[in-house]
Amino acid sequence: MITEEKIRIYKYYKGDIDGWARLGTPEQKSEMIDQDWLMIEDLIQSIRLFRKGRASENYIESVYGKAIANFSKHEVLRELEEIL
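**Q** It is not clear to me how the pattern of salt bridges should be interpreted in this structure. Could you clarify?
**A** Opposite charge on two side chains makes pairing possible when the charged atoms of those side chains draw close. Taken as a whole and assessed by the stated rule, the structure comprises three salt bridges. Put simply, Asp36 and Lys6 hold a salt bridge, and the shortest N to O gap is 3.0 Å. Highlighted residues: Asp36 in helix α4 (residues 34-51) and Lys6 in helix α1 (residues 4-12), separated in sequence by 30 residues. When the shortest N-O distance is used, the salt bridge between Lys66 and Asp42 registers 3.3 Å. One end of the pair, Lys66, is in helix α5 (residues 57-70); the other, Asp42, is in helix α4, and 24 residues separate them in sequence.

Okay, here's the thing in structure tokens:
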């Protein structure tokens, strides 16, 4: 589940998973796992495709369905879109 705290951690390290792995606090590392990080990156990439008009309607629906199922609140998805 992607939470607001995981998005904050992602933003803090500016999407640099190596920085988080090397410099992340024990609390940050217990809050988030690599799979969460990769899911956030995947969704950011998908949102970029949407904004450029390079995604089919079916793909957009599938990605947003996955996002809604994996985010703790809808506000988290909006916060993720703001990263772009």
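**Q** What's the story with the side chain of Asp36 in this structure? I'm lost.
**A** By relative accessible area, which is 9% here, Asp36 ends up buried. Once residues within four sequence positions are removed from consideration, Asp36 is found in contact with Met1, Ile2, Lys6 and Glu31.

**Q** It is not clear to me how the packing of α4 against α5 should be interpreted in this structure. Could you clarify?
**A** Two quantities define a packed helix pair, namely the angle between the helix axes and the distance between the axes. Remark: α4 packs on α5, axes separated minimally by 11 Å, with the N-to-C direction vectors making an angle of 145°. For α4 against α5, the interelement crossing comes out left-handed. The residues of α5 that touch α4, namely those facing Met39, Asp42, Leu43, Ser46, Ile47, Leu49 and Phe50, are Tyr59, Ile60, Val63, Tyr64, Lys66, Ala67 and Asn70. Taken together, the residues of the contact of α4 with α5 break down into ten nonpolar, two polar and two charged.

**Q** Help me out: how do you make sense of the nonpolar core in this one?
**A** Grouped burial of nonpolar side chains is what soluble globular proteins tend to show. Residues Ile40, Phe71 and Leu80 are the most contacted members of the largest nonpolar core, which totals 21 residues. Of all elements in the fold, only α1, α4, α5 and α6 (74-83) reach the threshold of two or more residues within this core. Per element, the largest residue contribution to this core is seven residues, and it comes from α4. Setting aside residues up to four positions removed in sequence, Phe71 forms contacts with Met1, Ile2, Ile7, Leu43, Val76, Leu77 and Leu80.

Criteria and thresholds
Residues numbered from 1 in each chain as written. Predicted model: local features only at pLDDT ≥ 70, side-chain atom pairs only at ≥ 80, totals over all residues. Heavy atoms only, no water. Salt bridge = Lys/Arg side-chain N within 4 Å of Asp/Glu carboxyl O. Helix = DSSP H or I, 4+ residues; strand = E, 2+ residues; numbered from the N terminus. Buried < 20%, exposed > 50% of the residue type's maximum accessible area, 1.4 Å probe, protein only. Contact = heavy atoms within 4.5 Å. Axes fitted to C-alpha atoms, helices over the stretch in contact; angles between N-to-C directions. Left-handed = near helix turned anticlockwise from the far one by under 90°. Nonpolar A, V, L, I, M, F, W, Y, C, P; charged D, E, K, R; others polar. Core = buried A, V, L, I, M, F, W, Y, C linked by side-chain atoms within 4.5 Å.

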